[in-house]
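# Architecture at a glance
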Amino acid sequence: MGTNGSTQTIDLTVQAIEEPEALRGMVMVVFNDVATLRGKKPSFNPGLAANVRVLELEQELQHCREELQTTREEMQSSQEELRSTNEELQSANEELITSREEMQSMNEELQTVNAEQQSKMDELSRVNDDMRNLLNSTEIITVFLDKELHIRRFTTGVDKIFKLIPGDVGRPLSDIVSDLLYSRITEDAREVLRTLAFSEKQITATDGRWFSVRIMPYRTMEDVIDGVVITFADITVAKTLEAELREEVSVLRAKSSK
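Because the structure is a prediction, the values reported are computed rather than measured.

Turning our eyes to something else, we now look at the side chain of S212. Among the secondary structure elements, S212 is positioned in strand β8 (residues 210–219). Owing to a relative accessible area of 13%, S212 belongs among the buried residues under this scheme. Dropping the residues within four chain positions of it, S212 is found in contact with E200, K201, Q202, T231, F232, A233 and I235.

Let us look at the sheet that holds strand β9 (residues 225–234). Pairing in this open sheet of five strands is antiparallel, and the strands run β6-β5-β9-β8-β7 from one edge to the other. Since the sheet does not close on itself, it has two edges, and those belong to β6 (151–154) and β7 (199–204), each with one partner. Taking each pair of neighbouring strands and ignoring which way they run, the sheet shows an average axis angle of 20°. Pairing geometry for strand β5 (residues 141–145) and β6, over three bridges, is antiparallel. Bridging from a neighbouring strand, L145 pairs with I151 of β6. Helix α3 (residues 185–195) contacts β7, β8 and β9 of the sheet and is inclined by roughly 135° relative to β9.

Look at L149: it is not a glycine, yet its phi comes out positive at around 60°. Position of L149 among the secondary structure elements: in the loop between β5 and β6. With a phi close to 60°, D223 is a non-glycine residue in the positive phi region. Note that D223 resides in the loop between β8 and β9. Here D223 falls in the exposed class, since its relative accessible area comes to 53%.

When α3 is considered as a whole, its buried residues turn out to be I185, T186, D188, A189 and V192. One side of α3 carries all its buried residues, which in axial view fall inside an arc of 165°. Across from the buried face of α3, at angles greater than 90 degrees, the exposed residues are R190 and R194. Tucked into the core, α3 has its buried residues touching β7, β8 and β9.

Conventions we followed
Residues numbered from 1 in each chain as written. Predicted model: local features only at pLDDT ≥ 70, side-chain atom pairs only at ≥ 80, totals over all residues. Heavy atoms only, no water. Helix = DSSP H or I, 4+ residues; strand = E, 2+ residues; numbered from the N terminus. Buried < 20%, exposed > 50% of the residue type's maximum accessible area, 1.4 Å probe, protein only. Contact = heavy atoms within 4.5 Å. Pairing = 2+ DSSP bridges. Axes fitted to C-alpha atoms, helices over the stretch in contact; angles between N-to-C directions. Arc of directions from axis to C-beta.

This is the structure in structure tokens:
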């Protein structure tokens, strides 16, 4: 080859590269000065390929170190997040235990309240039974009306006066057919609500029976007027005796006048 106006003999070597993987498929060209080699046969120097392999391995090692450091940092961050999550779960578990204890306490209180309410309901049921038996034993028919004079409830035997059935609860008393010759019963009930003074009258029925009709204000336990109570006492026997006595007195007076 020509060098600075002269010529020089060289040994040209061309070598295909198989390793490392990154250089596979390339070709390495080596120029050796024949005069420098002093008659030695030029040969391929594998040290260059080894150096390239070492450099690549060092780069891969550095890359692995960087990935390992990144992995360590990620693991540390994950451990911190896991620790924080564990603390939150522990706190939530403690709150759940506290809530469970509170629920248990509330459940016990509710059971106590339910027992008290059941006792009161049983007592109220007994009172209602006592009142029903008391009203039935007196044979006094009773009708309860609200402030609008609608039927609230009634005792047994009411069918002897009114054409009432259980489905009539809530209907106005004025809509119910009665055997009593008492057309002003609704007006008298309104008057009792207005004045709060009871009303008592002796009323006859269409079949000749007599009843003492008493209308009184309905007072709640809080002393609030919440309608009226109408009682019907059968006084037919007393009225019959009264009529018989009057007739006897009339006869005696007629005899004495003679």
